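Coordinates in review
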Amino acid sequence: MSRTVPIPQGLPMERDAGPFAPPRDISRLREARPVSPMVFPDGHEGWLVTGYDAVRRLMADTRFSSRQDIGILHVPYETPGMPAPTEPSPQIPGVFIAMDPPDHTRLRRRLTGAFTVKRMKQLEEHISDIAERQLDELARLAPPVDLVKEFALPVPSLVICALLGVPYADRETFQVNSAKFLEKDVSLEEKMAAYTGLTTYLAELVTRKRAAPGEDILSDLARQDDLTIEELTGAAFLLLLAGHETTANMLALGTFALLEHPEQLAELRADPDLMPGAVEELLRYLSIADIFYRYATEDIELGGEIINKGSTVVVSLLAANHDPQRFDNPDTLDIHRTARGHLSFGHGIHQCLGQQLARIEMRAGFEGLLRRFPTLELAIPAAEVKLKTDMNIYGVHALPVTWTETAR
């Protein structure tokens, strides 16, 4: 394995090979040195992990901590959108993705039952109904329309609001603050104002649920007296943010990718049984939640390198999901591929709790959209679609689409 590859100064994040492909620099780095040293903008030295096998091993190894209160990370928080700390940062109560066992285990266990495969399958018909009703609304509009605003964002927002017990009428509050919170290049004041707006709203909501619980996930949590209001607020923040932003971006960016691959789109329309595999392939191919951070709690060997105790480690799921050592022709979208084993939902104890929910939403969303709008196409040139290169979760800001007829 070559050791002459230049050490990157910061993360090579520019998507210079097209809207769906990984940055060329990160692909070159993975092929030359899948576990490579890197220098953060502040001069701090750490590691970048891009190879599939190394990423999978790292995410399964709890010696790589998710906590941000045990050392200076010199990078943004793993919680999407949080600013880079300059000193050890206290844990946010309830935000269990930034915790290690046993704290992580205690909080995540409370939610595991709510997101089982069985429970999600029971919700499948309800989720399909939500998607169909939103498609009815879309069909009433005169094209061109923005698919993000009229379909991709409303569907997962409606679903997660129903599950958590968040009034959908309040969506303006949480959608605007969520979007601002996930922006990369905004001031700390703006970022914290969005965070405070979200958590203030959610603290009031969970306090009401503790007093008068209903039939929803936040009420189930609020009934557990050993969870504090701060923990309930943190968990609600995490579930609401992750529960609508990620799937919304997958629905919009996935539709864009399919429209840019018309042969694949035609096959999927002709045979809806291909949809489950196509969803897995789109998850792998797009890898919208790309960058994660870990902190070495001891000296650890990984991919032939020694990661010293105290090192910050950056993980690229996008690079790992495009590793030719794991997937043949990885930069090609192939709905016939067996993409099982992709890392888009993470791996190990922090693997995405809502992954089955996301899969059901995507299958219902894509299937309904392709069936109801057989002539769907972009309303602007593909090069003019505004990409979320400025956000911590990748996608499109808007996707103007048009059609000549709809199917009932």
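Worth saying up front: this structure is predicted, and the values here are computed from it rather than measured. (Residues numbered from 1 in each chain as written. Predicted model: local features only at pLDDT ≥ 70, side-chain atom pairs only at ≥ 80, totals over all residues. Heavy atoms only, no water.)

Describing the overall build of the protein chain
Looking only at helices and strands, one finds 15 helices and 10 strands in the protein chain. The C-alpha radius of gyration of the protein chain comes to 21 Å, within 12% of the 22 Å expected for a compact globule of 408 residues. Once the C-alpha set of the protein chain is aligned to its principal axes, its extents read approximately 60 × 55 × 40 Å. The buried share of the protein chain, taken over its 408 residues, is 55%. Residue pairs at least 24 apart in sequence account for 69% of intrachain contacts in the protein chain once pairs closer than 6 positions are excluded. For the protein chain, the computed accessible surface area is about 17200 Å², with 51% contributed by carbon and sulfur atoms. (Helix = DSSP H or I, 4+ residues; strand = E, 2+ residues; numbered from the N terminus. Rg over C-alpha atoms; globule rule 2.2 N^0.38 Å. Buried < 20%, exposed > 50% of the residue type's maximum accessible area, 1.4 Å probe, protein only. Contact = heavy atoms within 4.5 Å. Areas by Shrake-Rupley, 256 points an atom, 1.4 Å probe, with all protein chains shown as cover.)

Quick notes on the pairing of strand E2 (residues 45-49)
Counting buried residues in E2 gives 4 out of 5 residues, a clear majority hidden from the surface. As paired strands, strand E1 (residues 35-39) and E2 are joined by 5 bridges and run antiparallel to one another. By the bridge assignment, proline 37 is partnered in E2 with tryptophan 47. Between E1 and E2, which follow one another and run antiparallel, lie 5 residues, and glycine 43 among them has a positive phi close to 95 degrees. By the bridge criterion, 3 bridges tie E2 to strand E8 (residues 312-316) in an arrangement that is parallel. Bridged to valine 49 within E8 is valine 315. (Pairing = 2+ DSSP bridges.)

Some words on the packing of helix H8 (residues 171-182) against helix H11 (residues 229-259)
Helix-helix packing: each pair is described by the crossing angle between the helix axes and the interaxial distance. Packing of H8 against H11 leaves a shortest axis separation of 11 Å and a crossing angle of 90 degrees. Relative to H11, the element H8 is oriented roughly perpendicular. Contacts between H8 and H11 involve Phe174, Gln175, Ser178, Ala179, Phe181 and Leu182 from the former and Phe237, Leu240, Leu241, His244 and Glu245 from the latter. A per-class count over the contact of H8 with H11 returns 7 nonpolar, 3 polar and 1 charged. (Axes fitted to C-alpha atoms, helices over the stretch in contact; angles between N-to-C directions. Parallel < 35°, antiparallel > 145°, perpendicular 65-115°, else oblique. Nonpolar A, V, L, I, M, F, W, Y, C, P; charged D, E, K, R; others polar.)

Focus on the nonpolar core
Counting residues in hydrophobic clusters, the biggest one holds 93 residues, and the most contacted among them are Phe115, Leu138, Val166, Leu286 and Leu399. Setting aside its immediate chain neighbours within four residues, leucine 399 contacts Val145, Asp146, Leu147, Val148, Ala252, Thr255, Phe256, Leu378 and Val385. With 20 residues, the next largest nonpolar core counts Trp47, Ala54, Leu58 and Leu302 among its residues. (Core = buried A, V, L, I, M, F, W, Y, C linked by side-chain atoms within 4.5 Å.)

Quick notes on the confidence of the model for the protein chain
With 91% of its residues at a pLDDT of at least 70, the protein chain reaches an overall mean of 87. Confidence drops under a pLDDT of 50 for residues 72-88, and excluding neighbours within four residues, the segment shows 55 contacts in the predicted structure. (pLDDT = per-residue confidence, 0-100.)

What about the packing of aromatic side chains?
Think of a pair of aromatic rings as described by two things: how far the centres are apart, and how the planes are tilted against each other in angle. Applying the stated criterion across every chain, the model contains 7 aromatic pairs. Consider the rings of tyrosine 52 and phenylalanine 327, whose centres lie 5.9 Å apart with planes at 90 degrees: the pair is edge-to-face. A residue pair is termed long-range when its members are at least 10 positions apart, and tyrosine 52 in helix H2 (residues 52-60) and phenylalanine 327 in the loop between helix H14 (317-321) and helix H15 (355-372) qualify at 275 residues. The pair formed by tyrosine 52 and phenylalanine 327 is uniform in burial state, with each residue classed as buried. Above the plane of the ring of phenylalanine 327 lies arginine 284, whose end atom (NZ or CZ) is 5.3 Å from the centre. (Phe/Tyr/Trp six-rings, centres within 6.5 Å; stacked < 30°, edge-to-face > 60°. Lys NZ or Arg CZ within 6 Å of the ring centre and 35° of its normal.)

Thoughts on the sheet that holds E8
A sheet is described by the order of its strands in space; here 5 strands give the open sequence E1-E2-E8-E5-E3, paired in mixed fashion. Edge positions in the open sheet fall to E1 and strand E3 (64-65), since each of these has one partner strand only. Against the sheet, H2 engages E1, E2, E3, strand E5 (291-296) and E8, with an angle of about 125 degrees to E8.

Remarks on helix H7 (residues 154-164)
Most of H7 is tucked away, with 9 of its 11 residues classed as buried. The first or second residue beyond H7 is glycine 165, which carries a positive phi of 85 degrees.

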